[in-house]
Amino acid sequence: MTDSSKRLRSEQWFNIPDDPGMTAIYVERYLNYGVTRDELQSGKPIIGIAQTGSDIAPCNRIHLQTVERAKDGIRAAGGVPFVFPVHPIQESCRRPTAALDRNLSYLGLVEIIHGYPFDAVILTAGCDKTTPAGLMAAATTNLPAIVLSGGPMLDGWYEGKLTGSGMATWEARRQLAAGQIDYQGFMDLVCSTTTSPGHCNTMGTALTMNCLAEVLGMSLPGSASIPAAYRERMQSAYETGQRAVEIVHENLTPDRILTRQAFENAIVLNTAIGGSTNAPPHLAAIARHVGVELNIKDWEDIGYDIPLLVNCQPAGDFLGEGFHRAGGVPAVVNELMTTGKIHTDALTISGKSLSENVADKTTLDTNVIRSYEAPLMQQAGFLVLSGNLFDSALMKTCVISEDFRERYLSRPGSENCFESRVVVFDGPEDYHARIEDPALKIDESCLLAIRGCGPIGYPGSGEVVNMQPPATLLQKGIKQLPTMGDGRQSGTSASPSLLNASPESAAGGNLALLQTDDTVRVDLNERTVTLMVSDNELTERRQNYEPPEITNETPWQEIYRGCVGQLATGGCFDFATNYQKVAERVPRHNH
C-alpha cells in the first residue's frame, strides 16, 4: 500500500521511507525487549490492548489472563499486539468514590490512543466505570475499537440460598442492625458472594454496562455475560483479538456503530434486564462524546413501558451465571425483536446487524429470562421526576417491592402518590452518625434525604442514596423507607430511591434548601417531587443560604470539580465533548 491515504495509521510512525530519522526514533526502542523491525514495518495492523486489570482492581484482574488470549487472536489474524496500562478503577475500595476515576481513565485513554501508533484498540471492561470510560474514549478518538468484557463471578451461596454481590451487603447490614447476626455472621454472609474471578454477579452496574456494550454493538454477540471462570471467556478473548484486526481492514469505526438507534436499543434492553440507575449518566456521556443527542427524558419515553424480562437480583432471584446459561443478551434481544421493540438493523462490531447476531438465540430457561407476554413486571423502566427541588431525578420502578407499594403508593384515591416528613442528612457521615438518634423521630412515614453527594459535592457522586432505616424500624420488619438525594446508589441495590438529582446541591440545586421536618409530596403519576413550601419561603431560604466549604484533598479533585457537569448530562467534562474523531488526525512528530 503505497498511497499514504490507504496506509495504516501505525505506518505513520513505523514506516516513513522519506523520513528515516523519525522512523528510526519510533522503531528503535521497541526492539529492546525482543520486538523485531520486521514486525513493526511489515504493514500488519498494530492493535492496542487497554489493560484495566491489576491487583488493586480485582473485578478486572481476569484480564491479566484474557489479554494473553486476545494477543494470540491478534497474531493469528495477522496483527501485532501491544498491551498498555489504564488508570485503575476499583468500585468497592476506591475512596471517596470510583466515579472520580471514570473521567480520569477516559482522559488517559484518549491521550494514549491519540498519541501512539495504534490501528485499533481492544478495551478491556468489567467493573462499573471501566466499560463507560473505554467507550467514551472510543467515541472521542473514533479509532476502530472493540470491548472485551471480563465477566461476572460465579453464583454465590450462603446457607442454601443464592447470595449476590452488593445485595448480600445490604441484607447483612439490615440483619446486623436488627440484631439477627453478629460481626462474624455479617462477614460470612457478605464474603459468600465472592466465589471466583470476575465482577459483581448481580445485575448491578458492572453486568448492566457490559450488557449495554453488547447491545450497543461494541462487543461480540453473547460475550457480555460469560462468567469470568468459564472457558468460553478465554475463547471469547481470542475471538475478540481476531476481530480487532479485521475491523481495521473494514474501517469499522465507533461512529458507525454508536448511533441514535444503538442508544435507544440500550435503553430498551436496560429496562428488560432490570439494569442499573448508573446506566443513564454513563450512556449520556458516551453519546455526548460521539455526538449523539440523548436526553435524560429518553429513559422514560423509550424505556418505561418495556417489561422486566430478566429474573436477576436485585430485581429478581437469580444471578449472572444463571442469566448467561439462560441465553444472556442475545436471548433477551431476540425476545424484544418479536414485538418490534428494538432496532434490528443496527450495525454491530461483528460486521453484522443486531438481528443477524441473535437470529437463532432463544431463551433456554424461562424462569430466568421470561417471554414478553409473561414478564416479571409490566412497565418496568425508569421514571424521570422533576419539581421545585431539582430539574430531574430517577426512580427505578422494577425494584418497587410489594411492601413498599402497599405502604406508600396504595392510598385509596391517591395511588402512586405519597407525602412524607423529611429527615435531611448532609452526606453519608452525617447519616451514619445520626440515623439512630431518637430525637429525629424517624418512623415509617418519613423520607430520608441526603445531599452534598453529587459530582461536585462528594466529589464524583457517591453511591449513598439507598439509606436503610434505623434499627428500631428494621426490628419491626420495615426494611425500606423512601430515600432521595443528589448522589447515586449501587446498581446492586433494590431500593426505589429518588436519585441522581440534578442540579445537585453543590451546584445550586434546591436540595441545599431542604430542611428536616419539611413535607415533600411525590407523585409518580405526574412525575413530580414537590417541596410543600411557598415560593416566597424558598426565595428567603436561598437569600439566607450559606454554602458549605468545599475542600479538595488532591489536585485531581480540584480539576474534577472545576470541570465536571451534572449527572443528568452524563457527569462529563463538558469541554471534552467538543473533541471528536481525534485519532483521525495523526499528531505532530515528537522530535
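Refer to the structure presented above.
Definitions and limits used
Residues numbered from 1 in each chain as written. Predicted model: local features only at pLDDT ≥ 70, side-chain atom pairs only at ≥ 80, totals over all residues. Heavy atoms only, no water. Pairing = 2+ DSSP bridges. Helix = DSSP H or I, 4+ residues; strand = E, 2+ residues; numbered from the N terminus. Axes fitted to C-alpha atoms, helices over the stretch in contact; angles between N-to-C directions. Buried < 20%, exposed > 50% of the residue type's maximum accessible area, 1.4 Å probe, protein only. Right-handed = clockwise from strand over helix to strand, strands pointing away. Phe/Tyr/Trp six-rings, centres within 6.5 Å; stacked < 30°, edge-to-face > 60°. Parallel < 35°, antiparallel > 145°, perpendicular 65-115°, else oblique. Left-handed = near helix turned anticlockwise from the far one by under 90°. Contact = heavy atoms within 4.5 Å. Nonpolar A, V, L, I, M, F, W, Y, C, P; charged D, E, K, R; others polar. Salt bridge = Lys/Arg side-chain N within 4 Å of Asp/Glu carboxyl O.

(A) The sheet that holds strand β7 (residues 382-387), seen in detail. Overall, mixed pairing links the 8 strands, which are arranged β11-β10-β9-β13-β14-β7-β8-β12 in an open sheet. Edge positions in the sheet fall to β11 (483-485) and β12 (499-502), since each of these pairs with one other strand and no more. Taking the axes of each pair of neighbouring strands and ignoring which way they run, one obtains an average angle of 30° across the sheet.

(B) Spatial organisation of unusual backbone geometry. The linkage connecting Q313 with the following residue, P314, adopts the cis geometry, with an omega of 15°. Along the polypeptide, P314 turns up in the loop between α14 (298-303) and α15 (320-325). Here N416, not a glycine, exhibits a phi torsion of approximately 65°, which is positive. Secondary-structure assignment places N416 in the loop between α18 (402-408) and β9 (417-426). The exposure class of N416 is partly exposed, given its relative accessible area of 23%. Not every positive phi belongs to a glycine, and R527 is a case in point at roughly 60°. With respect to the helices and strands, the residue R527 is situated in the loop between β13 (519-523) and β14 (528-531).

(C) Summary view of the pairing of strand β1 (residues 46-51). For β1, the tally of buried residues reaches 6 of 6 residues, placing the bulk of the element in the interior. Of the two faces of β1, the one carrying I46, G48 and A50 and the one carrying I47, I49 and Q51 are both buried. Here 6 bridges tie β1 to strand β2 (residues 80-85), and the two strands are oriented parallel to one another. Opposite I49, over in β2, you have V83 as the bridge partner. Each parallel crossover has a hand, and the one from β1 via helix α4 (residues 63-76) to β2 is right-handed. Judged from the 4 bridges that link them, β1 and strand β3 (residues 120-125) form a sheet pairing that is parallel. Note that in β3 the partner of I49 across the bridge is I122.

(D) Region of the structure containing the packing of aromatic side chains. Taken as a whole and judged by the stated rule, the model has 12 aromatic pairs. Between the aromatic rings of F14 and Y30, the centroid separation amounts to 5.8 Å while the plane-to-plane angle is 85°, which identifies the pairing as edge-to-face. Of this pair, F14 sits in helix α1 (residues 11-14) while Y30 is found in the loop between α2 (20-28) and α3 (37-40), placing the two residues 16 residues apart along the sequence. Classification of F14 as buried rests on a relative accessible area of 2%. Relative to F118, the ring of Y116 has its centre 6.4 Å away and its plane inclined at 25°; by these criteria the two rings are stacked.

(E) Spatial organisation of the packing of helix α9 (residues 205-216) against helix α12 (residues 260-273). Between α9 and α12, whose axes approach to 9 Å, the crossing angle comes to 140°. Judged on the interaxial angle alone, α12 and α9 are oblique. Our pair here, α9 against α12, has a crossing hand that is right-handed. Here T208, C211, L212, V215 and L216 of α9 come into contact with α12, specifically with A262, F263, N265, A266, L269, N270 and I273. Of the residues that constitute the contact of α9 with α12, the class distribution is 9 nonpolar, 3 polar and no charged.

(F) Representation of the sheet that holds strand β4 (residues 145-149) within the structure. Spatial strand order, β2-β1-β3-β4: 4 strands in an open sheet with parallel pairing. Looking along the sheet, the strands with just one partner apiece sit at the ends: β2 and β4. Pairwise comparison of adjacent strand axes, ignoring direction, gives a mean angle of 25° for this sheet.

(G) Spatial organisation of the packing of helix α5 (residues 99-115) against helix α22 (residues 555-563). Across the interface, α5 lies against α22 with an axial gap of 11 Å and an inter-helix angle of 85°. As the angle between them shows, α5 and α22 are arranged roughly perpendicular. Contacts between α5 and α22 involve A99, L100, N103, L104 and L107 from the first element and W556, Q557 and Y560 from the second. Looking at the contact of α5 with α22, its residues break down into 6 nonpolar, 2 polar and no charged.

(H) Quick peek at the pattern of salt bridges. Tallied over the full model, the rule gives 30 salt bridges. Taking the shortest distance from any N to any O, the salt bridge between E300 and K297 comes out at 3.6 Å. Note on E300: relative accessible area 10%, which makes it buried. Between D426 and R451 there is a salt bridge; the shortest N-O distance is 2.6 Å. Of this pair, D426 sits in strand β9 while R451 is found in strand β10 (residues 446-451), placing the two residues 25 residues apart along the sequence. Owing to a relative accessible area of 48%, D426 belongs among the partly exposed residues under this scheme. In this structure, a network of salt bridges that share partners links the residues K297, E300, D301 and R527.

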